[in-house]
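# Notes for the structure review
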Amino acid sequence: MIRGPAPGSAGKLDAVAKAQAAWGAAIPDEVVMLAEACRAQTSRAVAKRLNYSDAVISNVLGNKYAGDMVKVFAKIRGALMGETVMCPVLGEIGRDRCLAEQARPFDASNSTRARLYHACRTCPNARREMPDV
């Protein structure tokens, strides 16, 4: 018994069509850009560029992602839409790199990394978790 799509056929919705069907008329610009990037490349290549799994990309396109959508959108804006921020240590960098630098641990053996670690803690671009009150 042969299962799956016929050889040579795509067997799946186009990424843009999938996103439009899932999000409807209120589709965010970030999702449109993500879908267009997935159309131009593979979703796996886009996921690697954003430092997410292919499943996260699929769930965002399908409007089923239950994680931190604000962070995903910020990474999309930085990596795919060219949004930049002014870093006190590195100067102008992409928003996606800013988020990546904030997530890295302290490293005393690298002076730039140590400066970034301390600067990120007080930077206005830093993503901070708001405590529950």
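This section reports on the structure supplied with the text. This structure is a prediction, so every number in the text was calculated from the model and none was measured.

## Structural notes on the overall build of the protein
Of regular secondary structure, the protein possesses seven helices and two strands. Across the 133 residues of the protein, 35% fall into the buried class. Considering only contacts in the protein between residues 6 or more positions apart, those separated by 24 or more positions represent 43%. When the accessible area of the protein is evaluated, it comes to approximately 8,700 Å², of which 53% is carbon and sulfur surface.

## Describing the packing of aromatic side chains
Enumeration over the complete set of coordinates arrives at one aromatic pair. A ring pair is formed by Phe 106 and Tyr 117, whose centres lie 5.3 Å apart and whose planes are at 70°; its orientation type is edge-to-face. On the criterion of sequence distance, the pair formed by Phe 106 in the loop between α6 (95–103) and α7 (111–122) and Tyr 117 in helix α7 is long-range, its members being 11 residues apart. Tyr 117 sits in the partly exposed class, given a relative accessible area of 24%.

## What about the packing of helix α1 (residues 15–23) against helix α2 (residues 29–40)?
At their nearest, the axes of α1 and α2 sit 7 Å apart, and the two run at 155° to each other. Classified by the angle their axes make, α1 and α2 are roughly antiparallel. When α1 is examined against α2, the residues Ala 15, Val 16, Ala 19 and Trp 23 are found in contact with a partner set consisting of Val 31, Ala 35, Glu 36, Cys 38 and Arg 39. Residue classes in the contact of α1 with α2 are distributed as seven nonpolar, no polar and two charged.

## Looking at the pairing of strand β2 (residues 91–94)
As paired elements, strand β1 (residues 84–87) and β2 share four bridges and run antiparallel to each other. The residue bridging Met 86 from the neighbouring strand is Glu 92, located in β2. Between β1 and β2, which follow one another and run antiparallel, lie three residues.

## Observations concerning the nonpolar core
Core analysis: the biggest nonpolar cluster contains 23 residues, and Leu 34, Leu 50, Ile 57, Val 60, Leu 61 and Leu 80 have the highest contact counts within it. Residue assignment for this core shows that the elements contributing at least two residues are α1, α2, α3 (43–50), α4 (54–61) and α5 (69–79). Not counting chain neighbours up to four residues away, the residues in contact with Leu 34 comprise Val 46, Leu 50, Ile 57, Val 60, Leu 61, Ile 76 and Leu 80. Formed by seven residues, the second largest nonpolar core is a distinct cluster that contains Val 85, Val 89, Ile 93 and Cys 98.

## Details of the pattern of salt bridges
As enumerated under the stated definition, the model contains seven salt bridges in all. With a closest N to O distance of 3.1 Å, Arg 77 and Glu 30 form a salt bridge. Of this pair, Arg 77 sits in helix α5 while Glu 30 sits in helix α2, and the two are 47 residues apart along the sequence. If you follow the salt bridges from partner to partner, you end up with Arg 97, Glu 101, Arg 104 and Arg 113 in one network.

About the criteria used
- Residues numbered from 1 in each chain as written.
- Predicted model: local features only at pLDDT ≥ 70, side-chain atom pairs only at ≥ 80, totals over all residues.
- Heavy atoms only, no water.
- Helix = DSSP H or I, 4+ residues; strand = E, 2+ residues; numbered from the N terminus.
- Buried < 20%, exposed > 50% of the residue type's maximum accessible area, 1.4 Å probe, protein only.
- Contact = heavy atoms within 4.5 Å.
- Areas by Shrake-Rupley, 256 points an atom, 1.4 Å probe, with all protein chains shown as cover.
- Phe/Tyr/Trp six-rings, centres within 6.5 Å; stacked < 30°, edge-to-face > 60°.
- Axes fitted to C-alpha atoms, helices over the stretch in contact; angles between N-to-C directions.
- Parallel < 35°, antiparallel > 145°, perpendicular 65-115°, else oblique.
- Nonpolar A, V, L, I, M, F, W, Y, C, P; charged D, E, K, R; others polar.
- Pairing = 2+ DSSP bridges.
- Core = buried A, V, L, I, M, F, W, Y, C linked by side-chain atoms within 4.5 Å.
- Salt bridge = Lys/Arg side-chain N within 4 Å of Asp/Glu carboxyl O.

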